[in-house]
Amino acid sequence: MAPDDEVVHDEADPFLPERHAESQATSKPLPTPLPAGQLAALCTVRLVDPIVFTQLFPYVNDFINDLHLTSDPSRIGFYSGLVESSFAISQLCSIYLWAKLSDVVGRKPVILTGTLGTAIATLGFGLSNSLAGILFARGLGGLFSGNIAVIHSMLGEITDSSNQAKAIPFYTLMWPIGSVVGPLIGGTFSHVASKYPDLLGYAIFKKYPYFFPCLVSAIIAFFGVLLGFVFLKETVPSKRKRNNVECTSSKSSLDNEPPIPERGPMGLKEVLACPAISALVSSGFSLSFVYTSFDVVFVLFCYSAVHSGGLAFSDSEIGLTLAIAGCISSTLQLFLMPYLLRTFDCAKMYVFSMSMWPFVYFCLPFLNLIARWGSTEDGNVDARVVAILWTGIAITLGLSKIGSLAYSTSIILVKEHSPTPGALSQSNGIVQFAMCLARSFAPFLVSSLFALSIDNKLLWGYLWVVVMISVSSVSGIDARRILLHRKKQRREEWQMTRRRL
């Protein structure tokens, strides 16, 4: 290389020509600072949904039993399922409506109203003493928690390509954390008057033994409302001009964006006419179906006897597998996901994650074969095989958590491919509607298929595996449509983003 060339391209040389120094400065802008207060408020609000949804799981059967609705213990599961599904169905009905409303009144009012309403409904659930009251409270909570798409939209509007690799992993980590914290709250704080009589032996907790876990969950929701009221700033493009004074004092990414031309809310057909959004809706439905199905069938698989195609695990062993899954998910989100987001194309990451699901279901029969191989006469697994079995479980759960990273990349893809900035909330609303729809009926379908396969020895009891591998494979193929319609960054822009991070 010529000496002159070395001088031109040596960034450490203090005698660079002035215009080249300026071009270097403009080609390496600093990443946009994350609005820490807004991000903390959004993460807290996001944490509310899984906590409220799961905190009743440990005690819901006891709650139903205390109402004396039936003398047949086997019927309690029916009423428990009715209570649990009422939340998801109500949430499904309200997701898109909240998204459209946020385009009119703003993101912040919708987020705060939804979270506040969820807290109040949760308190009402704990104070209910009839099936009608329980169903009404859970249904009301589901209606208010339908603002999840609006929360996704605000996250997309306070971040950009230079800082989303830091923000998205923390945000998406809230669901697995809430799914662990919720059952802990429910199991620890139900019947507190009898568990801790000296500390919480008040009359209200004796009369309503399931009120205290609802109160703890509601306090978390109220705290999220407080943080949101203090830190959240309006991000709807059509309302930024009205809040110009506030926005100019903010250090969020909104300050560095060029003015966005205003446009009225788009119709549902207009949003779905965007090929990329249509592909994300279809693939989001598939992702939610295979993910939810795995969560349900994995517990059934662990609980079932070895000769029935399962692992014959105890409750504590099943709890340990779920804890391992949570640790793997947290590790991937916090340490691996930021690197992946700033290194690889987001659409290709999404397709890769979706392609993991057939392998996840493919692994499950082999876990049963290992258990059969080490099974003793009393039905337990030989100690020498236990290590191999748990290694296989860790690999299977690891693959499932890699597959679930598609949720994180989906948030980014919806933001990038929304027809207009003003249609971001509607785009998120449609995608979340599809995901919630799949989540509402996937548990019933996969558990029924599992029982049918085991009871009738269909394909040696593995028909459910063949069906789920087939569904997962079709889902992976369908996800590839996103590659055909994604917006490609110019190579220079992509390289600049990598340098920023």
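Residues numbered from 1 in each chain as written. Predicted model: local features only at pLDDT ≥ 70, side-chain atom pairs only at ≥ 80, totals over all residues. Heavy atoms only, no water.

Some remarks on the side chain of Ser102
Working step 1: Examined against the element boundaries, Ser102 turns out to sit in helix H5 (residues 73-105).
Working step 2: One polar contact links Ser102 to Ser425, side chain to side chain, over a distance of 2.8 Å.
Working step 3: Those residues in contact with Ser102 that sit more than four places away from it in its chain are Arg107, Val110, Val150, Val236 and Ser425. (Helix = DSSP H or I, 4+ residues; strand = E, 2+ residues; numbered from the N terminus. Polar contact = N/O pair within 3.5 Å; in protein donor to acceptor, adjacent residues only side chain to side chain. Contact = heavy atoms within 4.5 Å.)

Digging into helix H24 (residues 463-479)
Working step 1: With 17 residues, H24 extends 24 Å between its outermost C-alpha atoms, agreeing within 8% with the 24 Å of an ideal straight helix rising 1.5 Å per residue.
Working step 2: Within the sequence span of H24, burial applies to Trp464, Val465, Met468, Ser472, Ser475, Gly476, Asp478 and Ala479. All buried residues of H24 fall inside an arc of 160° around its axis, so they share one side. Within H24, the exposed residues directed more than 90 degrees away from the buried face are Val474 and Ile477.
Working step 3: Where H24 is buried, its residues touch helix H17 (275-303), helix H19 (346-354), helix H20 (357-373), helix H23 (424-456) and helix H25 (481-485). (Expected span 1.5 Å × (residues − 1). Buried < 20%, exposed > 50% of the residue type's maximum accessible area, 1.4 Å probe, protein only. Arc of directions from axis to C-beta.)

Examining the packing of aromatic side chains
Working step 1: In total, this model carries 23 aromatic pairs according to the counting rule given.
Working step 2: Considering the side-chain rings of Tyr202 and Phe205, the 6.2 Å spacing of their centres and the 70° angle between planes classify their relative orientation as edge-to-face.
Working step 3: Classification of Phe205 as buried rests on a relative accessible area of 9%.
Working step 4: Each ring, one from Tyr291 and one from Trp357, has its centre 6.1 Å from the other, and the planes form 85°; the classification is edge-to-face. Linking Tyr291 in helix H17 with Trp357 in helix H20, this pair joins segments that are 66 residues apart in sequence.
Working step 5: Positioned above the aromatic ring of Phe229 is the side chain of Lys108, whose terminal nitrogen or guanidinium carbon lies 5.5 Å from the ring centre.
Working step 6: Residue placement shows Arg138 over the ring face of Phe125; its charged tip is 5.8 Å from the ring centre. (Phe/Tyr/Trp six-rings, centres within 6.5 Å; stacked < 30°, edge-to-face > 60°. Lys NZ or Arg CZ within 6 Å of the ring centre and 35° of its normal.)

Comments concerning the nonpolar core
Working step 1: Grouped together as the largest cluster of nonpolar side chains are 118 residues, with contacts concentrated most on Leu311 and Ile393.
Working step 2: Of all the elements, H17 adds the most residues to this core, at 14 residues.
Working step 3: Ignoring any residue separated from it by four or fewer positions in sequence, one finds Ile393 in contact with Phe298, Leu311, Phe313, Thr321 and Leu367.
Working step 4: Residues Leu56, Val60, Leu67 and Ile134 belong to the second largest nonpolar core, which totals 15 residues. (Core = buried A, V, L, I, M, F, W, Y, C linked by side-chain atoms within 4.5 Å.)

Concerning the packing of H17 against H23
Working step 1: At a minimum axis separation of 7 Å, H17 and H23 run at an interaxial angle of 30°. Where H17 crosses over H23, the handedness of that crossing is right-handed.
Working step 2: Its residues placed into classes, the contact of H17 with H23 shows 22 nonpolar, 6 polar and 1 charged. (Axes fitted to C-alpha atoms, helices over the stretch in contact; angles between N-to-C directions. Left-handed = near helix turned anticlockwise from the far one by under 90°. Nonpolar A, V, L, I, M, F, W, Y, C, P; charged D, E, K, R; others polar.)

Details of the confidence of the model for the protein
Working step 1: When the pLDDT values of the protein are averaged, the result is 83; 84% of them are 70 or greater.
Working step 2: In the model of the protein, helix H26 (residues 491-500) stands out as the element of lowest mean pLDDT, 42, in contrast to helix H6 (residues 107-126), which has the highest, 96.
Working step 3: Under a pLDDT of 50 for its full length, residues 1-26 has, in the predicted model, 9 contacts with residues more than four places off or in other chains.
Working step 4: Long-range and interchain partners of residues 489-501, a stretch whose pLDDT sits below 50, account for 19 contacts in this model, where long-range means more than four residues apart. (pLDDT = per-residue confidence, 0-100.)

Observations concerning a nonpolar patch on the surface
Working step 1: There is a patch of nonpolar side chains on the surface, built from Phe223, Leu226, Phe229, Val230 and Phe231 and spanning about 530 Å² of accessible area.
Working step 2: Note on placement: Phe231 falls in helix H14 (residues 211-231). (Patch = residues over 30% accessible without salt bridge, like charges linked within 9 Å, V, L, I, M, F, W, Y side chains within 5 Å. Areas by Shrake-Rupley, 256 points an atom, 1.4 Å probe, with all protein chains shown as cover. Salt bridge = Lys/Arg side-chain N within 4 Å of Asp/Glu carboxyl O.)

Comments concerning empty space enclosed by the protein
Working step 1: Enumeration according to the criterion identifies 3 cavities of 30 Å³ or more in this entry.
Working step 2: Space inside the largest cavity adds up to approximately 90 Å³.
Working step 3: If you go around the largest cavity, the residues you meet are Val45, Arg46, Val48, Asp49, Gly114, Thr115, Thr118, Ser145, Asn147, Ile148 and Ile151.
Working step 4: Of all elements in the fold, only helix H3 (36-54), H6 and helix H8 (148-158) reach the threshold of two or more residues within the lining of the largest cavity.
Working step 5: In terms of residue class, the lining of the largest cavity is built from 4 nonpolar, 5 polar and 2 charged. (1 Å grid on protein atoms, 1.4 Å probe; cavity = no way out; pocket = protein on both sides within 12 Å on 5 of 7 lines; lining within 4 Å. Points joined across faces, edges and corners; volume = space filled by probe spheres on them.)

Considering the environment of Val386
Working step 1: Note on placement: Val386 falls in helix H21 (residues 383-404).
Working step 2: On the accessibility criterion, Val386 (30% relative accessible area) is partly exposed.
Working step 3: In this structure, the C-alpha to C-alpha distance between Val386 and Ile370, residues 16 residues apart in sequence, is 8.9 Å.

Quick look at the packing of H3 against helix H10 (residues 174-189)
Working step 1: Between H3 and H10, the shortest axis-to-axis distance is 7 Å and the interhelical angle comes to 45°. Judged on the interaxial angle alone, H10 and H3 are oblique. The handedness of the crossing between H3 and H10 comes out as right-handed. Taken together, the residues of H10 that come into contact with H3 (itself represented by Cys43, Arg46, Leu47, Asp49, Pro50, Ile51 and Thr54) are Met174, Trp175, Ile177, Gly178, Ser179, Val181, Gly182, Pro183 and Ile185. (Parallel < 35°, antiparallel > 145°, perpendicular 65-115°, else oblique.)

Description of unusual backbone geometry
Note: most peptide bonds trans; most residues except glycine with negative phi.
Working step 1: Even without a glycine there, the phi angle at Ala312 is positive, about 55°.
Working step 2: Considering the arrangement of structural elements, one finds Ala312 in the loop between H17 and helix H18 (315-343).

Topic: the environment of Glu416
Working step 1: The residue Glu416 is located in helix H22 (residues 406-417) in this model.
Working step 2: Residue Glu416 is classed as partly exposed on the basis of its relative accessible area of 33%.
Working step 3: For the pair Glu416 and Gly156, spaced 260 residues apart in the sequence, the C-alpha separation amounts to 8.9 Å.

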